[in-house]
Amino acid sequence: MTTILSRRILLSALPVLAAPSIVRAADFPTRPLRAIVPFPPGGGVDVFARPFAQALAAVLGQSVVIENQGGASSRLGSAGVGRATPDGHTLLITNDTLAAVEALPVAGGSPILPTLAPVLLAVGSPQLLLTHPRSGIPHIAAYAERVQNPARRPNTAVPGLGTAHHFVSALFNQAVGGRVEHVPYRGGGPVVADLLAGTVDAAVLTLGAAVEHIRDGRLVGLAVTSPTRAVALPDVPTVAETVAPGFEILTWMGVLAPAATPAPVVSRLQAAGLAALEDLTLRARLGALGFDPIGGGPERFGTLLRDTVARFAAVAPLASIRAEEGA
């Protein structure tokens, strides 16, 4: 009798014990949010994340603070979010480099994707091959000729080895039949700084990281990787229409949370993100930077992540991108 009574008391208490988590989800957010960008300031993800965070904050009624945590081709910042308290107040804003590093496991390291929950597939963008005015590379055909010439291989900067940009560069090299000397940086911002200084010959970046420098003539856009020209840079040709017919690679950016974040909180974040992407000021800013809003939910984003990991994993051995390079 005592045992049965004890069980009844315990069972009757369960809804009460569960109530705080339900209340927290309903009241979310209760304080400012941290949005981790796993790259230094100035790169494509950072350029997208800052105006997006402002619009998201307006929807949520709490500030969204961007924190740049670059290192290890985005692994450090991404892994840190995976270890954060899963209450929705710590987010990751990143790009397809997350899939690239997942496709290149480091010896002794742990997978990152299982520690994260997809929230919002936010925007898409072309990648951009670019140079500086003093490089002697006036157009994409001249760059392809340098790539094909072992005696004149360009030094091409990428925001980290094993990143999505590294894959794009390697695939371009395959398409035209040649090689470059890849120069890795901790993120797109440092790449832009050295490209402006003429330290490297060329670079591969997300379009938004360099579009304003190209418009003012400080950098030269060689080609975009989208199937059609980017509205933000209509005078820059595509790779496909010039030196490699059929070449098409688009990058994406999205929002993730720690894996154990309650589903109602993920839903709230997704809805807020979608509302933010509808903000006319944000849409105009994103369009000027070459970002196209997508607004995909967790299921679509999760599928894209898995597909992108598989694609990069298949490409890595063909492009001679090894796991130790992605560390």
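Here the structure is a predicted model, which is why all the values come from computation and not from measurement.

Things to note about unusual backbone geometry
So, step 1. Residue Phe28 is joined to Pro29 through a cis peptide bond whose omega torsion reads -5°.
So, step 2. The backbone phi angle of Ala72 is positive, close to 55°, even though this residue is not glycine.
So, step 3. Within the secondary structure, Ala72 is located in the loop between β2 (64-68) and α3 (75-82).
So, step 4. Of the residues examined, Ala72 reaches a relative accessible area of 31% and is grouped as partly exposed.
So, step 5. Its identity as a non-glycine residue notwithstanding, Ser73 has a phi of 55°, on the positive side.
So, step 6. Taking relative accessible area as the criterion, Ser73 reaches 10% and is therefore assigned buried.

A short note on the pairing of strand β7 (residues 202-206)
So, step 1. Within β7, five of the five residues are buried, which leaves it mostly tucked inside the rest of the structure.
So, step 2. Neither face of β7 is open: one carries Ala202, Val204 and Thr206, the other Ala203 and Leu205, and all of them are buried.
So, step 3. Here five bridges tie strand β4 (residues 116-131) to β7, and the two strands are oriented antiparallel to one another. Across the sheet, the residue bridging to Thr131 is Ala202, located in β7.
So, step 4. Bridge count for strand β5 (residues 155-158) against β7 is two bridges, and the pairing is parallel. Across the sheet, residue Ala157 finds its bridge partner in β7, namely Ala203.

Notes on helix α9 (residues 263-277)
So, step 1. The terminal C-alpha atoms of α9 lie 21 Å apart, and with 15 residues this matches the ideal 21 Å at 1.5 Å per residue to within 8%.
So, step 2. Within α9, the full set of buried residues consists of Val265, Val266, Leu269, Ala272, Gly273, Ala276 and Leu277. End-on view of α9: buried residues confined to an arc of 135°, all on one side of the axis.

Re the confidence of the model for the protein
So, step 1. Overall, the prediction assigns the protein a mean pLDDT of 91, with 91% of residues at 70 or greater.
So, step 2. In the model, residues 1-23 has pLDDT below 50 throughout and makes zero contacts with residues more than four positions away in sequence or in other chains.

Description of the nonpolar core
So, step 1. Phe48, Phe52 and Ile93 are the most contacted members of the largest nonpolar core, which totals 57 residues.
So, step 2. When residues in this core are grouped by element, the largest group, ten residues, is from helix α2 (residues 44-60).
So, step 3. If we ignore the near neighbours within four places in the chain, the residues touching Phe48 are Ile93, Ala122, Val123, Met253, Leu286 and Phe291.

A closer look at the packing of aromatic side chains
So, step 1. Applying the stated criterion across every chain yields a total of six aromatic pairs.
So, step 2. Aromatic side chains Phe48 and Phe52 sit 5.2 Å apart centroid to centroid with 20° between the ring planes, which places their arrangement in the stacked category. Placement of both Phe48 and Phe52 in helix α2 is noted, with a separation of four residues, approximately one turn of the helix. Residue Phe48 shares its accessibility class with Phe52, and that shared class is buried.
So, step 3. Here the aromatic residues Phe48, Phe52 and Phe291 are joined through ring pairs into a cluster of three or more.

Examining helix α7 (residues 188-197)
So, step 1. Taken residue by residue, α7 has Gly188, Gly189, Val191, Val192 and Leu195 as its buried positions. Each buried residue of α7 lies within a common arc of 160° when the element is viewed along its axis, so the set occupies one face.
So, step 2. Where α7 is buried, its residues meet β4, β5, β7 and α8 (211-215).
So, step 3. Phi for Gly198, located one or two positions after α7, is positive at around 80°.

Parameters at a glance
- Residues numbered from 1 in each chain as written.
- Predicted model: local features only at pLDDT ≥ 70, side-chain atom pairs only at ≥ 80, totals over all residues.
- Heavy atoms only, no water.
- Helix = DSSP H or I, 4+ residues; strand = E, 2+ residues; numbered from the N terminus.
- Buried < 20%, exposed > 50% of the residue type's maximum accessible area, 1.4 Å probe, protein only.
- Pairing = 2+ DSSP bridges.
- Expected span 1.5 Å × (residues − 1).
- Arc of directions from axis to C-beta.
- pLDDT = per-residue confidence, 0-100.
- Contact = heavy atoms within 4.5 Å.
- Core = buried A, V, L, I, M, F, W, Y, C linked by side-chain atoms within 4.5 Å.
- Phe/Tyr/Trp six-rings, centres within 6.5 Å; stacked < 30°, edge-to-face > 60°.

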